[in-house]
Amino acid sequence: MNSDSPMLLIGIGTAGSNIARGVSRAFGDGLRYVLADTDAVSGQGGGPFSLLGGDRLSGRGAGGDVVAGRLAVEDSVRGLDEHLQGVRLAVIVTALGGGTGGGGTLETAKYLGNHGIPTVVFATTPFAFEGEDRQRNARGVMAMIEEAANATFFLPLDKLIGEVTNMNEALRQAVDTVATGVTFFWRLVEKPGYIRLDTERLRHLLAGAGRGRFATTTVQGPARAKEAVDQLIRSELLATSSGPVQSTLCGILGGDDLLLNEVGTIADGIRSAFGGLSFELATVNDEQTFSGRLTVVVMLFESGSKSGNSDTPVSVMSTRRRKNKGALAAGPNGRGRFKNAEPTIWNGEDLDVPTFIRRNISLDL
């Protein structure tokens, strides 16, 4: 593990820990990461591990209780301090629907925000067949996580697996897809290519990026650039949005056979298909991993970058102003003058947040 890396990966909960391990396998040596869970069993799979809420939950997990997950992190979050030295950007991976993923992610993002560390959250949401309770738990914390984090990706498991029907294969594919997107950040910084995007530029881009969507594809053959664009345009993961695209981050990972006209074809195709007020392109050249093929990652964000100095610690409850703010809006964090009050949680939902915000309903004001 590279303790000098400016980025830290945090896997929260059992699923988040599994995803983080998948990222570590995909990237190889040098990834700086830590796993955190209320279930002590997660620590048996290898990697640096922090037990959350040990005194409160005795390592048995949060039992699907979001409040228990939040309290567990409040009890134990300072255990992350030893991993934060020199960190300029934190990436959290988790799964929503249970207690540790929802509650733990929220409190961790708040804690990092109070320390001036921008956070990017990749969170899967439950399969439809898992039932309304888990779906409600996930929806109940999504808006709050958006307030606490600087950039968020909420990834429905149903869309991550495509047409795969075997359960084992479906879960493996879901983990691999998320891992590819997360690994993208590390490859950009640790293995730069012809067009470089360093940590500070990446940190600035993500400081107020808001809710995002991402998809990835790997192609080969003589028409691989055009084929990559076509596949990404058709991707279900990029199809659903709650607002117009404000910024786009596109990464091309290839070997020494990457051609200039291929970069142009991909950049022009993505910009034309998805728009956005700003467009960032970076390439990674890794002959050993990508010889003969290309992997293209596209990230779309619905909020513009936040202005101001990202080195200054910011209040996690006001990291980003909501769009559609009008007569019905309740303030920059959705709770107005009650922003510092203890929330009223029922069935995983913060009832003090207006319904249209909790349920991610866009109002045409």
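The model shown is predicted, which means the values in this text are computed figures rather than measured ones.

1. Describing the pairing of strand β7 (residues 210-220)
Here's step 1: Taken across its 11 residues, β7 has eight buried, putting it largely inside the fold.
Here's step 2: When strand β6 (residues 151-156) meets β7, the two strands line up parallel, connected through three bridges. Paired with T152 across the strands is R211, a residue of β7.
Here's step 3: Bridge analysis of β7 against strand β10 (residues 293-301) gives nine bridges, and the strand direction is antiparallel. Within β10, the position partnered with A215 by the bridge is V298.

2. Some remarks on the nonpolar core
Here's step 1: Grouped together as the largest cluster of nonpolar side chains are 68 residues, with contacts concentrated most on L9, F122, F185 and M299.
Here's step 2: A total of 10 residues in this core trace back to one element, the largest contributor, which is helix α7 (residues 167-190).
Here's step 3: What F185 contacts, discounting residues up to four positions off in sequence, is M7, V91, V120, F122, L202, L206, L249 and M299.

3. So, helix α4 (residues 99-114)
Here's step 1: In this model α4 runs 23 Å from its N-terminal to its C-terminal C-alpha over 16 residues, within 8% of the 22 Å that 1.5 Å per residue would give.
Here's step 2: Counted residue by residue, α4 has 15 buried out of 16 residues, so it is predominantly covered.
Here's step 3: Looking at the residues trailing α4, positive phi occurs at G116, about 75 degrees.

4. Regarding the pattern of salt bridges
Here's step 1: Overall, the coordinates contain 16 salt bridges when judged by the stated rule.
Here's step 2: K226 is the salt-bridge partner of D230, the closest N and O atoms lying 3.0 Å from each other. On the criterion of helical spacing, the pair formed by D230 and K226 is a turn pair, its members being four residues apart in helix α9 (residues 224-233).
Here's step 3: When its relative accessible area of 28% is taken as the criterion, D230 is described as partly exposed.
Here's step 4: A relative accessible area of 52% places K226 in the exposed class.
Here's step 5: A salt bridge links R271 to D268; its shortest N-O distance comes to 3.3 Å. Of this pair, R271 and D268 both sit in helix α10 (residues 260-274), three residues apart, which is roughly one turn of that helix.
Here's step 6: R271 sits in the partly exposed class, given a relative accessible area of 39%.

5. Description of the packing of α9 against α10
Here's step 1: It is the contact of α9 with α10, at a shortest axis distance of 8 Å, that shows an interaxial angle of 20 degrees. The angle between α9 and α10 falls in the class roughly parallel. Note that α9 runs across α10; the crossing there is right-handed. Of the residues in α10, those touching α9 at R224, A225, K226, V229, L232 and I233 are E262, T265, I266, G269, I270, A273 and F274.
Here's step 2: Its residues assigned to classes, the contact of α9 with α10 shows eight nonpolar, two polar and three charged.

About the thresholds
Residues numbered from 1 in each chain as written. Predicted model: local features only at pLDDT ≥ 70, side-chain atom pairs only at ≥ 80, totals over all residues. Heavy atoms only, no water. Buried < 20%, exposed > 50% of the residue type's maximum accessible area, 1.4 Å probe, protein only. Helix = DSSP H or I, 4+ residues; strand = E, 2+ residues; numbered from the N terminus. Pairing = 2+ DSSP bridges. Core = buried A, V, L, I, M, F, W, Y, C linked by side-chain atoms within 4.5 Å. Contact = heavy atoms within 4.5 Å. Expected span 1.5 Å × (residues − 1). Salt bridge = Lys/Arg side-chain N within 4 Å of Asp/Glu carboxyl O. Axes fitted to C-alpha atoms, helices over the stretch in contact; angles between N-to-C directions. Parallel < 35°, antiparallel > 145°, perpendicular 65-115°, else oblique. Left-handed = near helix turned anticlockwise from the far one by under 90°. Nonpolar A, V, L, I, M, F, W, Y, C, P; charged D, E, K, R; others polar.

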